[in-house]
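# Descriptive structure summary
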Amino acid sequence: MLICMLKLLACILWSAMFFFMGHPMACLCPLSYYITISGAMSTLAFEGDYERFVTFQLVMILMLPYMVHLVMGGLEASGGVLLWSFLSPLGAAFFRSSKESIIWFKVFLFCTLTLVGYDFFKGESNNEALFFWTMNIVGVMTIVFAAAWFFAKALEIEFRRSDSLLHNILPPTIAKRVMQGENPIIDKHQEASLLFADVVGFTKASATMSSDIVIESFLQDFFRLTDRAVEKRKLTKIKTIGDAYMAVGGVEEGGPEDHAAELLRLAKDMFSIVNAANYKASTNFEIRIGIHIGPVIAGVLGVKRFAYDVWGDAVNTASRMESHGRPGYIHLSEKAYDAVKGSCSTEFDFEWGGETEIKSKGKMLTFFARPTLGEDSEYFGGLSLHMDDVHAEKRSATQKRRRNSMFSHISFKGKQVGNSKGKKKDKKRSPRISWPMWSQA
(Lines give C-alpha, C1' and ligand atoms only; values in the text may rest on other atoms or scores of the structure.)
Protein backbone atom coordinates (compact mmCIF):
# COMPACT_ATOMS: atom_id res chain seq x y z
CA MET A 1 0.00 0.00 0.00
CA LEU A 2 2.91 2.36 0.71
CA ILE A 3 4.26 1.79 -2.80
CA CYS A 4 0.85 2.64 -4.26
CA MET A 5 0.76 5.90 -2.33
CA LEU A 6 4.24 6.84 -3.58
CA LYS A 7 3.22 6.10 -7.17
CA LEU A 8 0.11 8.24 -6.79
CA LEU A 9 2.28 11.09 -5.53
CA ALA A 10 4.57 10.64 -8.54
CA CYS A 11 1.54 10.80 -10.85
CA ILE A 12 0.50 14.13 -9.37
CA LEU A 13 4.00 15.55 -9.87
CA TRP A 14 4.24 14.33 -13.47
CA SER A 15 0.76 15.65 -14.31
CA ALA A 16 1.65 19.06 -12.91
CA MET A 17 4.96 19.09 -14.76
CA PHE A 18 3.40 18.18 -18.13
CA PHE A 19 0.63 20.74 -17.63
CA PHE A 20 2.93 23.69 -16.89
CA MET A 21 5.27 22.68 -19.72
CA GLY A 22 2.41 22.87 -22.22
CA HIS A 23 1.70 19.18 -22.79
CA PRO A 24 -1.98 18.77 -21.84
CA MET A 25 -2.37 15.36 -23.56
CA ALA A 26 0.65 13.97 -21.74
CA CYS A 27 -0.78 15.43 -18.53
CA LEU A 28 -3.91 13.27 -18.90
CA CYS A 29 -1.94 9.98 -18.83
CA PRO A 30 -0.61 10.08 -15.24
CA LEU A 31 -3.82 11.83 -14.15
CA SER A 32 -5.91 8.96 -15.53
CA TYR A 33 -3.61 6.51 -13.75
CA TYR A 34 -4.15 8.41 -10.49
CA ILE A 35 -7.95 8.25 -10.84
CA THR A 36 -7.99 4.60 -11.92
CA ILE A 37 -5.66 3.32 -9.19
CA SER A 38 -7.50 5.33 -6.51
CA GLY A 39 -10.71 3.57 -7.54
CA ALA A 40 -8.95 0.21 -7.56
CA MET A 41 -7.65 0.81 -4.04
CA SER A 42 -11.16 1.60 -2.85
CA THR A 43 -12.42 -1.62 -4.45
CA LEU A 44 -9.62 -3.57 -2.78
CA ALA A 45 -10.64 -2.18 0.60
CA PHE A 46 -14.18 -3.54 0.16
CA GLU A 47 -13.58 -6.79 -1.76
CA GLY A 48 -10.09 -7.73 -0.60
CA ASP A 49 -9.12 -9.23 -3.99
CA TYR A 50 -5.40 -8.57 -3.67
CA GLU A 51 -4.28 -10.73 -6.60
CA ARG A 52 -6.51 -8.95 -9.12
CA PHE A 53 -5.44 -5.58 -7.73
CA VAL A 54 -1.74 -6.39 -8.19
CA THR A 55 -2.35 -7.60 -11.77
CA PHE A 56 -4.22 -4.40 -12.58
CA GLN A 57 -1.38 -2.37 -11.09
CA LEU A 58 1.25 -4.16 -13.17
CA VAL A 59 -0.73 -3.62 -16.38
CA MET A 60 -1.19 0.11 -15.66
CA ILE A 61 2.47 0.60 -14.74
CA LEU A 62 3.52 -1.16 -17.94
CA MET A 63 1.22 0.67 -20.35
CA LEU A 64 1.11 4.24 -18.98
CA PRO A 65 4.73 5.22 -19.87
CA TYR A 66 4.25 3.86 -23.38
CA MET A 67 1.17 6.07 -23.78
CA VAL A 68 3.18 9.12 -22.70
CA HIS A 69 5.96 8.03 -25.09
CA LEU A 70 3.52 8.09 -28.03
CA VAL A 71 1.87 11.36 -26.99
CA MET A 72 5.21 13.15 -26.55
CA GLY A 73 6.50 12.00 -29.94
CA GLY A 74 9.18 9.40 -29.33
CA LEU A 75 12.09 8.34 -27.16
CA GLU A 76 14.13 11.54 -27.28
CA ALA A 77 11.14 13.91 -27.06
CA SER A 78 9.76 12.09 -24.00
CA GLY A 79 13.15 11.87 -22.28
CA GLY A 80 13.04 8.07 -22.16
CA VAL A 81 9.85 7.98 -20.12
CA LEU A 82 9.26 4.36 -21.16
CA LEU A 83 11.95 3.39 -18.64
CA TRP A 84 9.22 3.62 -16.00
CA SER A 85 7.57 0.57 -17.59
CA PHE A 86 10.44 -1.52 -16.21
CA LEU A 87 8.84 -1.23 -12.77
CA SER A 88 6.20 -3.70 -14.00
CA PRO A 89 8.46 -6.82 -14.40
CA LEU A 90 10.48 -5.67 -11.40
CA GLY A 91 7.33 -5.47 -9.28
CA ALA A 92 6.16 -8.87 -10.56
CA ALA A 93 9.41 -10.45 -9.37
CA PHE A 94 8.83 -9.31 -5.79
CA PHE A 95 5.04 -9.20 -5.47
CA ARG A 96 4.00 -12.16 -7.63
CA SER A 97 6.60 -14.79 -8.52
CA SER A 98 9.97 -15.00 -10.23
CA LYS A 99 8.45 -17.28 -12.87
CA GLU A 100 5.67 -14.82 -13.72
CA SER A 101 8.10 -11.89 -13.77
CA ILE A 102 9.86 -13.41 -16.79
CA ILE A 103 6.62 -13.11 -18.77
CA TRP A 104 6.25 -9.46 -17.75
CA PHE A 105 9.88 -8.76 -18.72
CA LYS A 106 9.34 -10.31 -22.15
CA VAL A 107 6.30 -8.06 -22.65
CA PHE A 108 8.39 -5.06 -21.55
CA LEU A 109 11.13 -5.90 -24.08
CA PHE A 110 8.60 -6.48 -26.88
CA CYS A 111 6.75 -3.20 -26.28
CA THR A 112 9.98 -1.21 -25.88
CA LEU A 113 11.58 -2.57 -29.04
CA THR A 114 8.33 -2.13 -30.97
CA LEU A 115 7.98 1.56 -30.05
CA VAL A 116 11.66 2.30 -30.62
CA GLY A 117 11.46 0.50 -33.97
CA TYR A 118 8.48 2.68 -34.86
CA ASP A 119 10.53 5.79 -34.01
CA PHE A 120 13.40 4.44 -36.10
CA PHE A 121 11.28 3.93 -39.24
CA LYS A 122 9.61 7.34 -38.86
CA GLY A 123 13.02 8.86 -39.48
CA GLU A 124 12.34 11.93 -37.33
CA SER A 125 15.22 11.24 -34.95
CA ASN A 126 18.93 10.62 -35.24
CA ASN A 127 18.86 6.89 -35.92
CA GLU A 128 22.40 6.31 -34.68
CA ALA A 129 21.67 8.05 -31.38
CA LEU A 130 18.35 6.20 -31.18
CA PHE A 131 20.17 2.90 -31.67
CA PHE A 132 22.60 3.63 -28.82
CA TRP A 133 19.72 4.77 -26.59
CA THR A 134 17.98 1.47 -27.21
CA MET A 135 21.11 -0.63 -26.61
CA ASN A 136 21.80 1.12 -23.31
CA ILE A 137 18.20 0.85 -22.11
CA VAL A 138 17.78 -2.81 -23.02
CA GLY A 139 21.26 -3.79 -21.79
CA VAL A 140 21.03 -2.09 -18.40
CA MET A 141 17.45 -3.18 -17.80
CA THR A 142 18.29 -6.80 -18.65
CA ILE A 143 21.19 -6.87 -16.19
CA VAL A 144 19.13 -5.21 -13.46
CA PHE A 145 16.24 -7.60 -14.05
CA ALA A 146 18.53 -10.64 -13.98
CA ALA A 147 19.97 -9.56 -10.62
CA ALA A 148 16.49 -8.87 -9.23
CA TRP A 149 15.20 -12.19 -10.58
CA PHE A 150 17.94 -14.22 -8.89
CA PHE A 151 17.40 -12.33 -5.63
CA ALA A 152 13.62 -12.89 -5.80
CA LYS A 153 14.17 -16.56 -6.62
CA ALA A 154 16.40 -16.98 -3.57
CA LEU A 155 13.76 -15.28 -1.42
CA GLU A 156 11.10 -17.67 -2.73
CA ILE A 157 13.24 -20.70 -1.93
CA GLU A 158 13.90 -19.48 1.60
CA PHE A 159 10.24 -18.61 2.07
CA ARG A 160 9.12 -22.07 0.93
CA ARG A 161 11.70 -23.66 3.20
CA SER A 162 10.60 -21.69 6.26
CA ASP A 163 6.93 -22.19 5.34
CA SER A 164 7.46 -25.95 5.05
CA LEU A 165 9.29 -26.03 8.37
CA LEU A 166 6.52 -24.07 10.06
CA HIS A 167 3.84 -26.38 8.63
CA ASN A 168 5.80 -29.39 9.88
CA ILE A 169 5.78 -27.91 13.38
CA LEU A 170 2.23 -26.53 13.45
CA PRO A 171 -1.13 -27.53 11.96
CA PRO A 172 -1.85 -25.68 8.67
CA THR A 173 -4.55 -23.38 10.07
CA ILE A 174 -2.42 -22.52 13.12
CA ALA A 175 0.67 -21.94 10.96
CA LYS A 176 -1.30 -19.47 8.85
CA ARG A 177 -2.39 -17.54 11.93
CA VAL A 178 1.18 -17.45 13.26
CA MET A 179 2.45 -16.12 9.91
CA GLN A 180 -0.19 -13.38 10.10
CA GLY A 181 1.32 -12.30 13.41
CA GLU A 182 -1.30 -13.66 15.81
CA ASN A 183 0.22 -14.37 19.22
CA PRO A 184 -0.72 -15.89 21.56
CA ILE A 185 -3.15 -18.37 20.02
CA ILE A 186 -5.64 -19.78 22.53
CA ASP A 187 -8.61 -21.83 21.31
CA LYS A 188 -11.20 -23.52 23.53
CA HIS A 189 -12.71 -26.80 22.38
CA GLN A 190 -15.65 -28.29 24.22
CA GLU A 191 -14.97 -31.82 23.00
CA ALA A 192 -11.69 -33.23 21.72
CA SER A 193 -10.35 -36.77 21.45
CA LEU A 194 -6.91 -37.43 22.90
CA LEU A 195 -4.58 -40.38 22.35
CA PHE A 196 -1.44 -41.32 24.20
CA ALA A 197 0.74 -44.24 23.06
CA ASP A 198 3.83 -45.59 24.77
CA VAL A 199 6.34 -48.24 23.71
CA VAL A 200 6.45 -50.83 26.49
CA GLY A 201 9.93 -51.59 27.82
CA PHE A 202 11.67 -49.11 25.53
CA THR A 203 13.60 -47.29 28.26
CA LYS A 204 15.02 -50.52 29.63
CA ALA A 205 15.85 -51.83 26.16
CA SER A 206 17.59 -48.62 25.13
CA ALA A 207 20.01 -49.07 28.02
CA THR A 208 21.11 -52.51 26.82
CA MET A 209 20.60 -52.43 23.03
CA SER A 210 22.44 -50.46 20.37
CA SER A 211 21.08 -46.98 19.66
CA ASP A 212 21.27 -47.79 15.94
CA ILE A 213 18.54 -50.38 16.49
CA VAL A 214 16.24 -48.82 19.07
CA ILE A 215 16.48 -45.18 17.99
CA GLU A 216 17.58 -44.92 14.36
CA SER A 217 15.73 -47.99 13.17
CA PHE A 218 12.74 -48.87 15.34
CA LEU A 219 11.72 -45.54 16.90
CA GLN A 220 12.38 -43.52 13.73
CA ASP A 221 10.20 -45.88 11.64
CA PHE A 222 7.50 -45.99 14.30
CA PHE A 223 7.22 -42.19 14.53
CA ARG A 224 7.60 -41.61 10.79
CA LEU A 225 4.86 -44.05 9.81
CA THR A 226 2.58 -42.89 12.61
CA ASP A 227 2.97 -39.32 11.33
CA ARG A 228 1.74 -40.52 7.93
CA ALA A 229 -1.21 -42.29 9.51
CA VAL A 230 -2.16 -39.16 11.48
CA GLU A 231 -2.02 -37.07 8.31
CA LYS A 232 -4.06 -39.66 6.38
CA ARG A 233 -6.83 -39.61 8.98
CA LYS A 234 -6.75 -35.78 9.17
CA LEU A 235 -5.94 -35.78 12.86
CA THR A 236 -3.38 -33.61 14.64
CA LYS A 237 -0.05 -34.69 16.02
CA ILE A 238 0.83 -32.85 19.20
CA LYS A 239 4.27 -34.12 20.14
CA THR A 240 6.53 -37.03 20.99
CA ILE A 241 7.93 -37.34 24.49
CA GLY A 242 10.74 -39.88 24.60
CA ASP A 243 9.14 -43.01 23.18
CA ALA A 244 5.57 -41.74 23.74
CA TYR A 245 3.32 -40.32 21.01
CA MET A 246 0.43 -37.91 21.47
CA ALA A 247 -2.29 -37.08 18.92
CA VAL A 248 -5.68 -35.38 19.09
CA GLY A 249 -8.81 -35.02 17.01
CA GLY A 250 -11.47 -32.34 16.93
CA VAL A 251 -9.18 -29.32 17.38
CA GLU A 252 -8.41 -28.43 13.77
CA GLU A 253 -10.62 -27.06 11.02
CA GLY A 254 -11.34 -29.55 8.26
CA GLY A 255 -10.83 -32.57 10.49
CA PRO A 256 -13.17 -35.57 10.63
CA GLU A 257 -16.55 -35.06 12.28
CA ASP A 258 -16.36 -38.40 14.09
CA HIS A 259 -12.88 -37.68 15.42
CA ALA A 260 -13.18 -40.16 18.27
CA ALA A 261 -13.71 -43.06 15.84
CA GLU A 262 -10.84 -41.88 13.63
CA LEU A 263 -8.56 -41.69 16.65
CA LEU A 264 -9.49 -45.27 17.57
CA ARG A 265 -8.71 -46.37 14.00
CA LEU A 266 -5.38 -44.55 14.32
CA ALA A 267 -4.67 -46.73 17.34
CA LYS A 268 -5.34 -49.78 15.15
CA ASP A 269 -2.96 -48.38 12.55
CA MET A 270 -0.29 -48.01 15.21
CA PHE A 271 -0.43 -51.73 16.04
CA SER A 272 0.35 -52.51 12.40
CA ILE A 273 3.04 -49.84 12.31
CA VAL A 274 4.85 -51.15 15.37
CA ASN A 275 4.88 -54.61 13.77
CA ALA A 276 6.49 -53.20 10.63
CA ALA A 277 9.06 -51.32 12.71
CA ASN A 278 9.77 -54.48 14.72
CA TYR A 279 10.18 -56.46 11.52
CA LYS A 280 12.83 -54.15 10.13
CA ALA A 281 14.74 -53.61 13.38
CA SER A 282 14.45 -57.27 14.57
CA THR A 283 12.97 -56.08 17.85
CA ASN A 284 10.02 -57.27 19.90
CA PHE A 285 8.34 -54.11 21.23
CA GLU A 286 4.65 -53.66 22.00
CA ILE A 287 2.67 -50.48 22.57
CA ARG A 288 0.13 -49.40 25.13
CA ILE A 289 -2.54 -46.88 24.10
CA GLY A 290 -5.02 -44.77 26.04
CA ILE A 291 -7.88 -42.62 24.71
CA HIS A 292 -10.15 -40.10 26.43
CA ILE A 293 -12.60 -37.39 25.32
CA GLY A 294 -13.13 -34.04 26.99
CA PRO A 295 -12.79 -30.25 26.81
CA VAL A 296 -9.33 -28.83 26.12
CA ILE A 297 -7.58 -25.56 25.46
CA ALA A 298 -5.30 -25.67 22.42
CA GLY A 299 -2.91 -23.09 21.07
CA VAL A 300 0.56 -21.62 20.82
CA LEU A 301 2.27 -19.71 23.63
CA GLY A 302 5.62 -17.98 23.84
CA VAL A 303 7.76 -16.39 21.14
CA LYS A 304 10.73 -18.78 20.89
CA ARG A 305 10.72 -22.49 20.08
CA PHE A 306 6.94 -22.39 20.20
CA ALA A 307 4.85 -25.48 19.59
CA TYR A 308 1.17 -26.32 19.28
CA ASP A 309 -0.04 -27.93 22.50
CA VAL A 310 -3.21 -28.79 24.41
CA TRP A 311 -4.03 -28.28 28.07
CA GLY A 312 -6.75 -29.39 30.42
CA ASP A 313 -7.86 -32.16 32.74
CA ALA A 314 -8.82 -34.30 29.73
CA VAL A 315 -5.14 -34.43 28.73
CA ASN A 316 -4.17 -35.82 32.14
CA THR A 317 -6.98 -38.38 32.00
CA ALA A 318 -5.91 -39.61 28.55
CA SER A 319 -2.37 -39.99 29.85
CA ARG A 320 -3.66 -42.02 32.80
CA MET A 321 -5.62 -44.26 30.43
CA GLU A 322 -2.36 -45.12 28.69
CA SER A 323 -0.28 -45.64 31.83
CA HIS A 324 -2.97 -47.88 33.40
CA GLY A 325 -3.52 -49.83 30.18
CA ARG A 326 -2.20 -53.16 28.91
CA PRO A 327 0.25 -53.85 26.06
CA GLY A 328 -1.54 -54.65 22.81
CA TYR A 329 -4.81 -53.08 23.98
CA ILE A 330 -6.49 -49.69 23.71
CA HIS A 331 -7.62 -48.41 27.10
CA LEU A 332 -10.78 -46.27 26.81
CA SER A 333 -12.45 -44.03 29.32
CA GLU A 334 -16.23 -44.31 29.65
CA LYS A 335 -16.76 -41.15 27.57
CA ALA A 336 -14.47 -42.45 24.83
CA TYR A 337 -16.26 -45.82 24.81
CA ASP A 338 -19.69 -44.18 24.53
CA ALA A 339 -18.46 -42.13 21.56
CA VAL A 340 -17.07 -45.07 19.53
CA LYS A 341 -19.10 -48.12 20.50
CA GLY A 342 -21.68 -47.52 17.77
CA SER A 343 -19.50 -46.59 14.78
CA CYS A 344 -16.65 -49.01 15.54
CA SER A 345 -18.56 -52.07 16.79
CA THR A 346 -17.65 -54.17 13.72
CA GLU A 347 -13.98 -53.18 13.72
CA PHE A 348 -13.15 -53.73 17.38
CA ASP A 349 -13.90 -56.13 20.20
CA PHE A 350 -14.73 -54.26 23.40
CA GLU A 351 -14.46 -55.64 26.89
CA TRP A 352 -15.47 -54.19 30.20
CA GLY A 353 -12.52 -53.05 32.32
CA GLY A 354 -14.52 -52.44 35.47
CA GLU A 355 -13.90 -49.65 37.91
CA THR A 356 -10.18 -48.97 37.81
CA GLU A 357 -8.28 -46.96 40.39
CA ILE A 358 -6.69 -44.18 38.34
CA LYS A 359 -3.91 -42.12 39.88
CA SER A 360 -5.08 -38.61 40.82
CA LYS A 361 -8.56 -39.41 39.46
CA GLY A 362 -9.96 -42.05 41.80
CA LYS A 363 -12.12 -44.90 40.53
CA MET A 364 -13.15 -44.69 36.87
CA LEU A 365 -15.19 -47.02 34.71
CA THR A 366 -12.99 -48.01 31.76
CA PHE A 367 -13.08 -50.34 28.76
CA PHE A 368 -10.52 -52.13 26.62
CA ALA A 369 -10.61 -52.41 22.84
CA ARG A 370 -8.67 -54.51 20.39
CA PRO A 371 -9.09 -54.84 16.62
CA THR A 372 -11.38 -57.63 15.50
CA LEU A 373 -9.49 -60.79 14.53
CA GLY A 374 -8.80 -60.94 10.82
CA GLU A 375 -9.47 -57.22 10.44
CA ASP A 376 -6.29 -55.65 9.09
CA SER A 377 -5.75 -51.96 9.56
CA GLU A 378 -6.56 -49.79 6.57
CA TYR A 379 -3.19 -48.17 6.93
CA PHE A 380 -1.38 -51.51 6.83
CA GLY A 381 -1.93 -51.49 3.08
CA GLY A 382 -0.12 -48.18 3.02
CA LEU A 383 2.92 -49.92 4.47
CA SER A 384 3.38 -52.03 1.34
CA LEU A 385 6.06 -49.73 -0.03
CA HIS A 386 7.85 -49.73 3.30
CA MET A 387 7.62 -53.51 3.56
CA ASP A 388 8.90 -53.85 -0.01
CA ASP A 389 11.92 -51.83 1.07
CA VAL A 390 12.42 -54.19 3.99
CA HIS A 391 12.23 -57.24 1.73
CA ALA A 392 14.59 -55.60 -0.76
CA GLU A 393 17.12 -55.02 2.01
CA LYS A 394 16.84 -58.66 3.06
CA ARG A 395 17.30 -59.88 -0.52
CA SER A 396 20.32 -57.62 -0.98
CA ALA A 397 21.90 -58.92 2.24
CA THR A 398 21.19 -62.53 1.22
CA GLN A 399 22.72 -62.06 -2.23
CA LYS A 400 25.78 -60.47 -0.67
CA ARG A 401 26.24 -63.42 1.69
CA ARG A 402 25.90 -65.83 -1.25
CA ARG A 403 28.53 -63.97 -3.27
CA ASN A 404 30.88 -64.04 -0.32
CA SER A 405 30.31 -67.76 0.17
CA MET A 406 31.07 -68.44 -3.51
CA PHE A 407 34.57 -67.03 -3.09
CA SER A 408 35.20 -68.12 0.47
CA HIS A 409 37.31 -71.18 -0.46
CA ILE A 410 39.15 -69.95 -3.57
CA SER A 411 42.92 -70.48 -3.32
CA PHE A 412 45.45 -68.01 -4.63
CA LYS A 413 49.06 -69.17 -4.98
CA GLY A 414 48.48 -72.02 -2.64
CA LYS A 415 46.87 -69.86 0.03
CA GLN A 416 43.27 -70.21 0.95
CA VAL A 417 41.18 -67.08 0.90
CA GLY A 418 38.11 -66.68 3.09
CA ASN A 419 36.82 -69.01 5.79
CA SER A 420 39.18 -71.81 6.80
CA LYS A 421 38.09 -75.36 7.22
CA GLY A 422 37.07 -76.34 10.65
CA LYS A 423 35.73 -72.91 11.48
CA LYS A 424 32.02 -72.68 12.02
CA LYS A 425 30.19 -70.09 9.99
CA ASP A 426 28.06 -67.59 11.81
CA LYS A 427 24.41 -68.38 11.42
CA LYS A 428 22.35 -65.39 10.43
CA ARG A 429 19.13 -65.13 12.34
CA SER A 430 16.16 -63.88 10.37
CA PRO A 431 14.16 -61.00 11.88
CA ARG A 432 11.26 -62.00 14.06
CA ILE A 433 7.79 -60.63 13.56
CA SER A 434 6.17 -59.63 16.81
CA TRP A 435 2.41 -59.45 16.59
CA PRO A 436 0.38 -57.89 19.39
CA MET A 437 -1.78 -59.94 21.73
CA TRP A 438 -4.93 -59.61 19.75
CA SER A 439 -3.34 -61.14 16.63
CA GLN A 440 -2.07 -64.19 18.56
CA ALA A 441 -5.43 -64.97 20.12
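Here, every reference points to the structure presented above.
Residues numbered from 1 in each chain as written. Predicted model: local features only at pLDDT ≥ 70, side-chain atom pairs only at ≥ 80, totals over all residues. Heavy atoms only, no water.

Residue position: Thr283 is located in the loop between helix H10 (259-281) and strand S4 (286-300). Owing to a relative accessible area of 4%, Thr283 belongs among the buried residues under this scheme. A distance of 2.6 Å separates a polar atom in the side chain of Thr283 from a polar atom in the side chain of Asn278. (Helix = DSSP H or I, 4+ residues; strand = E, 2+ residues; numbered from the N terminus. Buried < 20%, exposed > 50% of the residue type's maximum accessible area, 1.4 Å probe, protein only. Polar contact = N/O pair within 3.5 Å; in protein donor to acceptor, adjacent residues only side chain to side chain.)

With that settled, consider the nonpolar core. Of all hydrophobic cores here, the largest spans 40 residues; its most connected members are Phe222, Ile289, Ile291 and Ile330. Among the secondary structure elements, those contributing two or more residues to this core are strand S1 (185-200), helix H8 (202-208), helix H9 (211-232), strand S3 (244-249), H10, S4, strand S6 (330-333) and helix H12 (334-340). Ranked by residues supplied to this core, first place goes to H10 with 12 residues. Apart from residues no more than four positions distant in its own chain, Phe222 is found in contact with Val199, Met270, Ile273, Val274, Ala277 and Ile287. (Core = buried A, V, L, I, M, F, W, Y, C linked by side-chain atoms within 4.5 Å. Contact = heavy atoms within 4.5 Å.)

Along any regular strand the residues' side chains alternate between the sheet's two faces. Pairing geometry for strand S7 (residues 348-358) and strand S8 (residues 362-371), over 10 bridges, is antiparallel. Each residue of the ladder has a partner; that of Phe350, found in S8, is Ala369. (Pairing = 2+ DSSP bridges.)

All right, on to the packing of H9 against H10 then. Helix packing for two helices is described by the angle between their axes and how far apart those axes are. Where H9 contacts H10, the axes come no closer than 9 Å and their chain directions differ by 150°. Accordingly, the angle class assigned to the pair H9 and H10 is roughly antiparallel. In this structure, the crossing between H9 and H10 has a hand that is right-handed. Of the residues in H10, those touching H9 at Ile213, Ser217, Phe218, Asp221, Phe222, Leu225, Thr226, Ala229 and Val230 are Leu266, Asp269, Met270, Ile273, Val274, Ala277, Asn278, Lys280 and Ala281. (Axes fitted to C-alpha atoms, helices over the stretch in contact; angles between N-to-C directions. Parallel < 35°, antiparallel > 145°, perpendicular 65-115°, else oblique. Left-handed = near helix turned anticlockwise from the far one by under 90°.)

Further remarks concern the packing of aromatic side chains. Going through the model one piece at a time under the given rule, you end up with 17 aromatic pairs. With a centroid separation of 6.1 Å and 5° between ring planes, the pair formed by Phe218 and Phe222 is classed as stacked. Of this pair, Phe218 and Phe222 both sit in helix H9, four residues apart, roughly one helical turn. For Phe218, a relative accessible area of 0% corresponds to the buried category. Ring plane angle 85° and centroid distance 6.1 Å describe the contact between Tyr329 and Phe368, whose orientation is recorded as edge-to-face. With Tyr329 in the loop between helix H11 (313-323) and S6 and Phe368 in strand S8, this residue pair connects regions lying 39 residues apart in the sequence. Every member of this aromatic cluster is reached through a ring pair, and the members are Phe202, Phe218, Phe222, Phe223, Tyr245 and Phe285. (Phe/Tyr/Trp six-rings, centres within 6.5 Å; stacked < 30°, edge-to-face > 60°.)

What follows is about the environment of Ser345. Inspection of the secondary structure assignment puts Ser345 in the loop between H12 and S7. Put simply, Ser345 and Pro371 are 26 residues apart on the chain and 9.9 Å apart in space, counted from C-alpha to C-alpha. Excluding its chain neighbours within four sequence positions, the residues that come into contact with Ser345 are Val340 and Phe350. A distance of 3.5 Å separates a polar side-chain atom of Ser345 from the backbone oxygen of Gly342.

What follows concerns the pairing of S6. What you see with S6 is no split at all: Ile330 and Leu332 on one side and His331 and Ser333 on the other are buried throughout. When S4 meets S6, the two strands line up parallel, connected through three bridges. Bridging from a neighbouring strand, Ile291 pairs with Leu332 of S6. Across four bridges, S6 lies against S8 in antiparallel orientation. What sits directly across from Leu332, in S8, is Phe367.

For the rest of this paragraph, the subject is helix H3 (residues 50-72). Its 23 residues give H3 an end-to-end C-alpha distance of 33 Å, which sits within 8% of 33 Å, the value for a rise of 1.5 Å per residue. Positive backbone phi, approximately 105°, marks Gly73, located one or two places after H3. (Expected span 1.5 Å × (residues − 1).)

Cis geometry marks the peptide bond from Asn183 to Pro184; its omega dihedral reads 0°. Secondary-structure assignment places Pro184 in the loop between helix H7 (172-179) and S1. At Lys234, a position not held by glycine, the phi torsion is positive, near 60°. One can find Lys234 in the loop between H9 and strand S2 (236-241). A positive phi angle is found at Ser282, which is not glycine, with a value near 60°.

For the structure on display, the rule yields 19 salt bridges. Between Lys239 and Asp309 there is a salt bridge whose closest N-O contact spans 3.2 Å. Pair noted here: Lys239 is in strand S2 and Asp309 is in strand S5 (residues 308-311), with a separation of 70 residues, a long-range link. Glu347 is paired through a salt bridge with Arg265; the nearest N and O atoms lie 3.0 Å apart. A residue pair is termed long-range when its members are at least 10 positions apart, and Glu347 in the loop between H12 and S7 and Arg265 in helix H10 qualify at 82 residues. Classification of Glu347 as buried rests on a relative accessible area of 11%. (Salt bridge = Lys/Arg side-chain N within 4 Å of Asp/Glu carboxyl O.)

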